[in-house]
Each structure stands twice: as structure tokens, then as C-alpha cells.
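# What the coordinates show
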Amino acid sequence: MIKRVSLLLLLSVVGATSSFQLHHAVNLPTKNLIRSSGNVQSPHFQRGLQTRGQLSAAMPALPALRSALSLKGGFTFASTFGTGPDGMFNALFAGLLATVFSLKTIGAKGLATKDDAAPKEIDPKVKSLQWRFLAVFWLFRLAEWLQGPYFYEVYASKVINGIVVTQDMIGYLFLSGFLTTALLGPVCGKLVDGFGRKKGSLAFVLFYVLGALSTKSPLLWLLFVGRFASGIGTALLFCAPEAWLATEHERKGLDGASLGKIFGLAYFGDSLVAMLAGQLAQASASVSGPTGPFMLSIAFLIAGGIMATALWGENTAGNVASTSAAGDEKGSSSSGGLKPAWEAMKADKKIISVGLIQSLFEGAMYTFVLQWPPAMIAAMSGGAKVPFGRIFSCLMASCMVGSTIFSKLINRGIAVERSISWIVGMASIALACAAGFGLSNLPLLIASFFAFEAAVGFYFPAMGTLRARYLPDEYRGIMMTMFGVPLNLMVVAVYTNIRRLGTKGALLISATALAGSCLASLRLQALIKEPSDEKA
């Protein structure tokens, strides 16, 4: 199994490696002149605040082939993709897309199973559930992505009582959303389980619309109310739709592998949605200013709410059989509370292991989101302007690589419990390399970041599958939000101490958290009597 996964990982790096090494040989100087200051007040650090959730993944670039690739065709290549950092990341983006294409097509030879070569007809029930979920999920994610890129600018543009909003105040606004999600998330999860996952998804629409509208206000207290609403909305987004899908899938009696495939497709598409959102946000901001993307997101929120109302039936905790058609059922409004959910977690060590994997991995992930911009600034040479937009596109394309690998492994029947430990371990090593050596070595930093984001692309569908498998339905929403409490507190702790930690220290904390997540995944394997029989 490990050899097969290694072959997949090797295949995934070839396209990106070729592009990167050739362009790096032709266009980039060799000395790295800029070092990270670790200054939280830097505009480049603040740009990290804009990228919450902007996660993607790809495999490490190999140092081989550089000389051979640069001998012939180098100048033609440079003229095609441009010169300098822009051209380099354009080339990387093209290489990553080629990698995704290779994994989905060329992988049929030697890597694919018989099912890959001659795919079976999808169960109509699975296909119906898949597209009912994805139509809503992608609209919700598009709306959330739209609000990310201009988070900093929309608050930096405010003048309150004749005073421009400071960067410290923007930081407080940012943290208020995280703290709201951490402190009220479990309450939101309980309400979602009790009153219904469809209702919870519609409540997400309401709170996110309120958050978006608040960006139009010149009043500081309304800006904080908006962040409070967005924090609640975030908690709902990350529990209600997934809980609805898992329960609906269970209610219909569908096989577990089909759920993993739906998650794989959902997060592959999420990367495409993120890239689209970046383009739409920029276009909207150029016309309407920094509030434009927030106003545009309202349209997609409303569209998603309409689709959920039309396509989803209601389901509630412990009431799996109660839903069949959209809008005409009444689920039970009662579910277990926080204490029973906690007791259920303590009684099942597998649930604790899943929770630790999630909390530690996602804590590291959100810390990374805040640190990759200053890390890139530190590693870029010659004072060149960092092309954040192009880097983001590369990260999203990399995320597609990770989700594609997940789909390949799940088609082979490899247990998610096993494969996630390999991927999370790789992520820990990648960020440790970035922290130890990458801030002064651009190729290594890019390779490390792409490797980490490959793990992110793999992680989300894998974790969705594990939560559906091990979290009891009556506590699903509560537990998902309880797992989010420590990860949000971790992000707040790192952010408030960033002056002392610096970029290197924050990345080391992320690498350590990922190592803990890997240990939790190994513990989960140990708790399963026959992990090889636990099919993805």
C-alpha cells in the first residue's frame, strides 16, 4: 500500500516540478536578500488575515531535472509564462493543473483498479444525494470565499469619528470572529442537532448576510456585531451541511464508500470555487470598492438558501428515518445536550482520536493561513513584489491534487484511517522543513507549502468520511463544533503572541500540532481491531 501511495505522490510532483525548476533556472536570482521580521503589524502579515480558509495542496518539488530542463526551450518557456515571480508561479500553476489531469487520466495505467478502468454505473440514489448536496455546498463555499480576500481592506477603509481604523483594531475584529466560533460553536451544534440541519444551514445564510451587510457601516459597534454574526455563521457552515449529508446518507442506507466519494468531489470542486471567488472578488472590488465582494456574496448566500429550501429535506439528531422530501417533515426538536455528548466522547476512544486529529490539524492549518504571506516575503529574493494572487491560485490547484489523490485511494479501498496518518505525517515534516530552512530558501519553501496544502486537500474529504463513520448521529453537530473549540483557541493564542513567536515560531507550532494529529491518527488505527478491513 505504501509503495502505491508513494507512486501517486511521485506522479503528483512531476508536472509542478518541471515547470518550477525550469523557470527558476532561467529567471530567478540566486541570493535571498529579504528576511522575515515577524512583525504582526506588517501589511503583508495583515494580508494573511484576508486568506482565512484559503487552503490548497500539492506535493514537494523535486530538485532533479533542473539542468536538463534549462538547456533547451528556456526562453520560449519564459516568454509563455512571463518573467520574474509572476512567471514562475504561472508556470507552477500550469504544472499543477497538468498534475491533476495526469492523476485523473494517466493514473489509469498501473495505479487504477478494475473499477477505475471500467467504472460501475452510479446508484441513482447516490447521484441524486450527491448533486442535491453539492449544489448547495458550493454556493455556500463561494459566498464564504468571496469575503476572504478583502477582509483587511474593508475594515482598513473605515473612518470612525474622524479616525482611520488601526491595524490593531482590525486584528481585534479578526479575533472576535474566531472567539465567537470557539465559544458559541457547541451551542450552535446542539441547536443544529435539535432543530434540524437544514434549518441550521438556512441560519448560516442569515448570519452571514448580516455579517456582510455590517461592512457597510461606519459604526465600530456594528462592525463588531457583524463579526459576531459571521463567527456564528462559520460555526453553522462547518457543521450543518456536513451533518445533513451524513445523516441523509445513513437514512438512505447507502454504502460508506459512496459518501467518501461525495466528499472527495465536494472538496475538489471547492478549490475551483475558491479560484472563481478570487476573480469575482477582484472584479467586484474594482467596481464597488472593498465592500463589493461582501455584497456580491449575499447573492450567492440567498441562492444557496433557496436551493437548500427546494432540494433538502429536514433531518435531526437521532431521527434518521424522519426525512424523505424537502420541506414537509418535522424533525424532533430534542437532542442530547453538551454533557451527554461529552460523556459519549469519553466512552468511545475512537471519537476522541477523531476529535484530536481534527483539532490539531485544523489549528495548524489556520495558523499556516496567517503565516504563509510573511514567509513568502522572507524567502523572495531581490525585493521582488510577492504575487499573492498567483500563489493563492497555485495553492488551490495544489489542493485539487490532494483531493484527487484521496479519490484514487478510496477507489482502491484503502482505509481512510491508514492513509490519513501518512498524509498528516507528511504535512508535519513539510512545515518543519519550512520553519527550519525554508525562510531563506525559496524552492524549499514552495515545496514545503505545496506538500502541506496537498495534505489539506486530502484531509477535508478524509475527515468528513471519518466523522460520518464514528460520530453518533444524535450528537453529530455538537461534537463537530466541540472539536472546533481548541483549534480556534490555538489560532487566537498564536496570533496574540506572534510578535514573540515570529513566522518561524508559528510554523514550528503548526508542525508540532500536525505531529500530534499524526499520533492521534495512529491511535485511531490501533483502536480498530482490523484496520485493513476498514474500507474507505
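Up top is the structure these notes are about.
So, a few notes on the structure that sits alongside this text. Everything quoted here is computed from the prediction, not taken from an experiment.

### Considerations on the overall build of the protein chain
- Assigned secondary structure in the protein chain consists of 21 helices and two strands.
- Relative to its full complement of 536 residues, the protein chain shows a buried share of 58%.
- For the protein chain, contacts bridging at least 24 residues in sequence account for 87% of all contacts bridging at least 6.
- Element-wise, carbon and sulfur atoms account for 64% of the exposed surface of the protein chain, whose accessible area totals about 20,500 Å².

### Concerning the environment of Ala182
- Inspection of the secondary structure puts Ala182 in helix H9 (residues 167-195).
- Under the relative-accessibility criterion, Ala182 is labelled buried at 3%.
- Taking the C-alpha atoms as reference points, Ala182 and Ala235, separated by 53 residues in sequence, lie 8.1 Å from one another.
- If we skip the residues at most four places from it in the chain, Ala182 touches Val485, Asn488 and Leu489.

### Details of the environment of Val225
- Checked against the element boundaries, Val225 lands in helix H11 (residues 220-237).
- Classification of Val225 as partly exposed rests on a relative accessible area of 43%.
- Considered as a pair, Val225 and Ser176 are 49 residues apart in the sequence and their alpha carbons are 9.5 Å apart.

### Considerations on the packing of aromatic side chains
- In this structure the tally under the stated criterion is 21 aromatic pairs.
- Plain terms: the ring middles of Trp131 and Trp138 are 6.2 Å apart, the flat faces sit at 70° to each other, and that makes the pair edge-to-face.
- Measuring from ring centre to ring centre gives 4.9 Å for Phe204 and Tyr208, while their planes differ by 40°; the resulting arrangement is tilted. Pair noted here: Phe204 and Tyr208 are both in helix H10 (residues 197-214), with a separation of four residues, about one helical turn.

### A short note on the packing of helix H17 (residues 388-411) against helix H19 (residues 442-470)
- Where H17 contacts H19, the two axes come as close as 7 Å, and the packing angle between them is 45°. Considering their axes alone, H17 and H19 lie oblique with respect to each other. Crossing handedness for the pair H17 and H19: right-handed. Counted together, Cys394, Leu395, Ser398, Cys399, Gly402, Ser403, Ile405, Phe406 and Leu409 of H17 and Phe450, Glu453, Ala454, Gly457, Phe458, Pro461, Ala462 and Thr465 of H19 form the full contact between these two elements.
- Taken together, the residues of the contact of H17 with H19 break down into eleven nonpolar, five polar and one charged.

### Some thoughts on the side chain of Arg132
- Summarising the element assignment, Arg132 is placed in helix H7 (residues 124-146).
- Other than its neighbours up to four places away in sequence, Arg132 contacts Trp244, Glu248, Lys252, Leu311, Trp312 and Gly313.

### Looking at unusual backbone geometry
- Located in the positive-phi region is Asn161, a residue other than glycine, with phi close to 55°.
- Checked against the element boundaries, Asn161 lands in the loop between strand S1 (159-160) and strand S2 (163-164).
- Using a relative accessible area of 77% as the deciding quantity, one classes Asn161 as exposed.

### Concerning a nonpolar patch on the surface
- A cluster of nonpolar residues, Val187, Leu191, Phe195 and Leu338, forms a patch on the protein surface that exposes about 340 Å² of accessible area.
- Per-element accounting of the nonpolar patch gives the leading share, three residues, to H9.
- Residue position: Phe195 is located in helix H9.
- A relative accessible area of 47% means that Phe195 is categorised as partly exposed.

### Here's the deal with the nonpolar core
- Membership of the largest hydrophobic core comes to 141 residues, with the highest contact counts inside it found for Phe133, Met376 and Phe449.
- In terms of domain composition, this core takes at least three residues from each of domain 1 (125-316) and domain 2 (342-535).
- Aside from chain neighbours lying at most four places away, what touches Met376 is Phe89, Val386, Ile391, Leu442, Leu445, Ile446 and Phe449.

### Brief notes about H9
- Its 29 residues place the ends of H9 39 Å apart at the C-alpha level, agreeing with the 42 Å of an ideal helix rising 1.5 Å per residue.
- Helix geometry: H9 is bent most strongly at Leu184, by close to 55°, with proline Pro186 lying one to four residues after it.

### Thoughts on the environment of Gly457
- Among the secondary structure elements, Gly457 is positioned in helix H19.
- Distance in space between the C-alpha atoms of Gly457 and Ser398 is 7.5 Å, their sequence separation being 59 residues.

### What to know about the side chain of Arg227
- Looking at the element boundaries, Arg227 is found in helix H11.
- Buried within the structure, Arg227 lacks any salt-bridge partner; Glu144 is the closest side chain of opposite charge, at an N-O distance of 9.0 Å.

Each value, and the rule that gives it
Chains are numbered independently. Their residues run from 1 in the order of the written sequence. Confidence filtering applies because this is a predicted model: local features only for residues at pLDDT of at least 70, side-chain atom pairs given and counted only at 80 or more, and all residues used for totals across whole chains, interfaces and linings. With hydrogens and water set aside, each side-chain value is computed from the structure's full complement of heavy atoms. In this text, helices come from DSSP runs of H or I with a minimum length of four residues, and strands from runs of E with a minimum of two, each type numbered from the N-terminal end. Buried, partly exposed and exposed residues are distinguished by accessible area as a fraction of the type maximum, computed with a 1.4 Å probe on protein chains only: under 20%, between the cut-offs, and over 50%, respectively. Contacts are assigned to residue pairs with any non-hydrogen atoms lying within 4.5 Å of each other. Per-residue and other accessible areas follow the Shrake-Rupley method at a 1.4 Å probe size, with only the shown protein chains counted as cover for residues. The rule is short: rings of Phe, Tyr and Trp, with Trp giving its six-membered ring, pair when the centres are within 6.5 Å, and they are stacked under 30 degrees, edge-to-face over 60, tilted in between. Structural elements are reduced to axes, namely lines fitted to C-alpha atoms, with helices fitted over the stretch in contact, and the angle between N-to-C directions of any two is expressed from 0 to 180 degrees. Any angle that falls under 35 degrees is termed roughly parallel, while one over 145 is termed roughly antiparallel, one within 65 to 115 roughly perpendicular, and all others oblique. Take the far helix as your reference; a near helix turned counterclockwise from it by less than a right angle gives a left-handed crossing, and one turned clockwise gives a right-handed crossing. When residue character is reported, Ala, Val, Leu, Ile, Met, Phe, Trp, Tyr, Cys and Pro are called nonpolar, Asp, Glu, Lys and Arg charged, and the others, Gly included, polar. Patch membership is restricted to residues that have no salt bridge and whose relative accessible area is over 30%. Joining uses 9 Å for like charges and 5 Å for the nonpolar side chains Val, Leu, Ile, Met, Phe, Trp and Tyr. Just to be clear on terms, a salt bridge is a Lys or Arg side-chain nitrogen sitting within 4 Å of an Asp or Glu carboxyl oxygen. Among the buried residues, those of types Ala, Val, Leu, Ile, Met, Phe, Trp, Tyr and Cys that are joined through side-chain atoms within 4.5 Å form a nonpolar core. As annotated, the domain borders come from an automatic or database domain assignment. Expected span of a helix, by definition, is 1.5 Å for each gap between consecutive residues, and there is one gap fewer than residues. Think of it this way: the bend at a residue is just the angle between two axes, each fitted to seven residues, one set ending at that residue and the other starting at it. Note on charges: Lys and Arg go in the positive column, Asp and Glu in the negative column, and His and the chain ends are not counted at all.

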